[in-house]
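So the chains spell out like this:
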Amino acid sequence: MSETFWTAVGSIGGTLAFGGVVWQGYLTRASLKVSQLMTADAIRSRLDSQAPGVTLKLSPPQWEPQAWNSTGMPCNTWPPGQTWHFPAEQEGANRLVLQQVLVLENLSNRRVQARFEGDLVVVDDDRRPSAAGVLLLEPEERSPEVYLQCDFTIKQLSENFTAEQAGQALPHKVLGSVTVEDDRDNGSTDRWDLVLTGCPVQPVPDREGLWMIAPWHLNEGSGVRTLDYSLLPPRQRIHWVSRAKGIKLPAPDGA
């Protein structure tokens, strides 16, 4: 047979051999990836079983929204039938407070640290609010009441109503986050992101420029129906290979 034929056969054989090496490398990498994923899953399961059992409970928002008070917590609601006129009364002291109460409970046998950020406050005996900051919870201990709250002008809340009518995201929201962790280097961190918003004021029917607190509805109930909130916000968990070194366990695929 011609020399050209054997040259071609040799070339094909070399290609096949190279392909075999590539395929073997692919199988090795795939096997290694599977092994790594199984190891990560095992570590994640262990950390989940050892994570402190901490619960976060949110109450429904208070209704009616209370009037903002410059000296402390909201003190009372606006008089029944109160209306606000634009633009003369769109700013200033005409503010409403959107508020939810949350409580953390440490069900584990380990001390944990809870960090509160955003629109989260606690109050003293005189009902003066201050940033919730950081709390330590001993085993089986409950936190004091923490308030997710923020005050808004009537104008801002009217902008929420206008945005909702247009099918847009509401621009004014109460936002906070709660992060809980224990002192283990190879442990876990839990985080809850909190959002409270809504349209508690609406136009007075047939009265241009006048706004009022959403009234009771025959079928839909109290004005709390106009608020967007959660009683069970989803928990996000970070697993640490080493908290001190900032090394996190990779999240599972699709997480």
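A short tour of the structure in this document, coming up. Since the structure is predicted, the reported quantities are computational estimates derived from the model, not experimental observations. (Residues numbered from 1 in each chain as written. Predicted model: local features only at pLDDT ≥ 70, side-chain atom pairs only at ≥ 80, totals over all residues. Heavy atoms only, no water.)

### Remarks on the sheet that holds strand E13 (residues 210-213)
- In spatial order, the strands read E3-E13-E12; together these three strands make up an open sheet with antiparallel pairing. Only two strands of the sheet have a single neighbouring strand rather than two, namely strand E3 (83-85) and strand E12 (201-203). Each strand of the sheet is rotated relative to its neighbour by a mean of 35°, with strand direction disregarded.
- Of the strands in this sheet, E3, E12 and E13 touch helix H2 (residues 154-165), which is tilted by about 70° from E12. (Pairing = 2+ DSSP bridges. Helix = DSSP H or I, 4+ residues; strand = E, 2+ residues; numbered from the N terminus. Axes fitted to C-alpha atoms, helices over the stretch in contact; angles between N-to-C directions. Contact = heavy atoms within 4.5 Å.)

### Some words on the nonpolar core
- Core analysis: the largest hydrophobic core is formed by 36 residues, its most contacted members being Leu102, Leu104, Phe116, Leu120, Val178, Val180 and Leu194.
- Filtering out sequence-adjacent residues up to four positions away, Val180 remains in contact with Val54, Leu104, Val112, Gln113, Ala114, Ser188, Thr189, Asp190 and Trp192. (Core = buried A, V, L, I, M, F, W, Y, C linked by side-chain atoms within 4.5 Å. Buried < 20%, exposed > 50% of the residue type's maximum accessible area, 1.4 Å probe, protein only.)

### Let's talk about the environment of Gln99
- In this structure, Gln99 sits in strand E4 (residues 95-106).
- Classification of Gln99 by relative accessible area gives buried; the value is 9%.
- The spacing of Gln99 and Thr197 is 98 residues in sequence and 9.5 Å in space, taken between C-alpha atoms.
- When neighbours within four sequence positions are excluded, Gln99 is seen to be in contact with Pro61, Gln62, Met73, Pro74, Tyr147, Leu148, Gln149 and Leu196.

### Re the packing of aromatic side chains
- Under the definition given, this model contains two aromatic pairs.
- For the ring pair Trp78 and Trp84, a centre distance of 5.3 Å and an interplane angle of 85° mean the geometry is edge-to-face. Like Trp84, Trp78 is buried.
- When the ring of Phe161 is compared with that of Trp211, the centres are 5.7 Å apart and the planes differ by 85°; the resulting orientation is edge-to-face. Of the two residues, Phe161 is situated in helix H2 and Trp211 in strand E13; the sequence distance between them amounts to 50 residues.
- On the accessibility criterion, Phe161 (17% relative accessible area) is buried.
- Seen from the ring of Trp68, Arg95 lies directly overhead, with NZ or CZ sitting 5.5 Å from the centre. (Phe/Tyr/Trp six-rings, centres within 6.5 Å; stacked < 30°, edge-to-face > 60°. Lys NZ or Arg CZ within 6 Å of the ring centre and 35° of its normal.)

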